[in-house]
Amino acid sequence: MNFTKKAFVSSIVGLSLCLSLMTGSVLADTSKKSVAGYGTLKGTLYGKDYTTSVTKNPDKAYLIIKGSMQDKNGKTLVSTQQIKSSRGKTSFSGDWSNISSNVYVIYGTHGVQGGNKYGAAAVYTYTHR
């Protein structure tokens, strides 16, 4: 095999490895909006990891996350209970452990609610394998 063929074969092997790593990768999604009283409400989902945050929380509201997980055919496999932070937090993070290997897409609802003065709000995220 001459040098050109070796280079070509090496390129193909490298490209194949790169593509195989990409297909197993997880995408991230972030959504945010301005919310009266709380500044910016931001939700981030990276695979099974989530973060919900607000710029400020003068109303001592809860931050929340709720997830829904589906397979490639759109069948809902898991619908999580709503998880909420303690009152007054400006950031709330965690993850859903033990996610089945056939989960293809995860939808997240991130919100702020339960304050005395300001209304509830939500942003939505999704990520897939």
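Our subject is the structure listed above.
Just so we're clear, the structure is a prediction, and the values are computed from it rather than from any experiment. Here, residues in each chain are numbered from 1, in the same order as that chain's written sequence. The predicted origin of the model limits local features to residues at a pLDDT of at least 70 and limits the giving and counting of side-chain atom pairs to 80 or more, whereas totals for whole chains, interfaces and linings rest on all residues. Hydrogen atoms and water are omitted, and side-chain values are computed over all heavy atoms in the structure.

Enquirer: Any details on the sheet that holds strand β2 (residues 39–46)? Residues and values, ideally.
Expert: With respect to topology, four strands assemble into an open sheet ordered β1-β2-β3-β7, the strand pairing being antiparallel. Bordering the open sheet on either side are β1 (28–35) and β7 (91–95), each of which pairs with just one other strand. This sheet shows a mean twist of 10° between the axes of neighbouring strands, independent of strand direction. Pairing geometry for strand β3 (residues 49–54) and β7, over five bridges, is antiparallel. Pairing of Tyr50 across the sheet is with Gly94, part of β7. Each pair of strands is called paired provided DSSP finds at least two bridges between the two strands. Note on conventions: DSSP H or I runs of at least 4 residues are helices, E runs of at least 2 residues are strands, and numbering of each starts at the N terminus. Fitted lines through C-alpha atoms serve as axes, helices being fitted only where they are in contact, and the angles separating the N-to-C directions of these axes extend from 0 to 180 degrees.

Enquirer: Talk me through the pairing of strand β4 (residues 62–70); I want residue IDs and the actual numbers.
Expert: Two faces, one strand: in a regular strand the side chains alternate between the faces of the sheet. Taking burial as the measure, the nine residues of β4 include eight buried ones, the bulk of the element. Bridging between β4 and strand β6 (residues 83–84) involves two bridges; their strand directions are antiparallel. Its bridge partner being in β6, Ile65 is matched across the sheet by Ile83. As paired strands, β4 and strand β5 (residues 76–79) are joined by three bridges and run antiparallel to one another. Working definition: with a 1.4 Å probe on protein chains only, accessible area under 20% of the residue-type maximum means buried, over 50% means exposed, and in between means partly exposed.

Enquirer: Give a description of the nonpolar core that names residues and reports values.
Expert: Of all hydrophobic cores here, the largest spans 17 residues; its most connected members are Tyr38, Leu41, Tyr50, Val54, Trp96, Ile106 and Val112. Contributions of two or more residues to this core are made by β2, β3, β4, β8 (105–113) and β9 (121–128). Per element, the largest residue contribution to this core is three residues, and it comes from β4. In this view, Tyr50 contacts Thr44, Leu45, Ile65, Ile83, Phe92, Ser93, Gly94, Asp95, Trp96 and His110; residues no more than four positions away in its chain are not counted. Only buried residues count toward a nonpolar core, which is a set of Ala, Val, Leu, Ile, Met, Phe, Trp, Tyr and Cys residues joined through side-chain atoms within 4.5 Å. Contacts are assigned to residue pairs that have any heavy atoms within 4.5 Å of one another.

Enquirer: Tell me about the side chain of Thr125, and please be specific about residues and values.
Expert: Inspection of the secondary structure assignment puts Thr125 in strand β9. With relative accessibility at 3%, the residue Thr125 sits in the buried group. Of note is the side chain of Thr125, whose polar atom sits 2.7 Å from the side chain of His110. Among all residues touching Thr125, those that are not within four sequence positions of it are Asp29, Thr30, Ser31, Gly43, Thr44, Leu45, Ile106, Tyr107, Gly108 and His110. Nitrogen and oxygen atoms within 3.5 Å of one another constitute a polar contact, given that in protein one can donate a hydrogen and the other can accept it, and given that sequence-neighbouring residues count only through two side-chain atoms.

Enquirer: Describe the packing of aromatic side chains, with residues and values.
Expert: The geometry of an aromatic ring pair comes down to the distance between the two centres and the angle between the two planes. A pair of Phe, Tyr and Trp rings is counted when the ring centres sit within 6.5 Å of each other, with Trp represented by its six-membered ring. The angle between the planes then sorts it: under 30 degrees is stacked, over 60 is edge-to-face, the rest tilted. Under the counting rule described, the total for this entry stands at four aromatic pairs. Ring geometry for Tyr38 against Tyr118: centres 5.6 Å apart, planes inclined by 70°, an arrangement best described as edge-to-face. Of this pair, Tyr38 sits in the loop between β1 and β2 while Tyr118 is found in the loop between β8 and β9, placing the two residues 80 residues apart along the sequence. On the accessibility criterion, Tyr118 (27% relative accessible area) is partly exposed. Here a set of aromatic residues connected by ring pairs shows up, and it is made of Tyr50, Phe92 and Trp96. For a ring to carry a charge above it, either NZ of a lysine or CZ of an arginine must fall within 6 Å of the ring centroid while also lying within 35 degrees of the normal to the ring plane. When the ring centre of Tyr62 is taken as origin, the NZ or CZ atom of Lys84, which lies over that ring, is 4.0 Å away.

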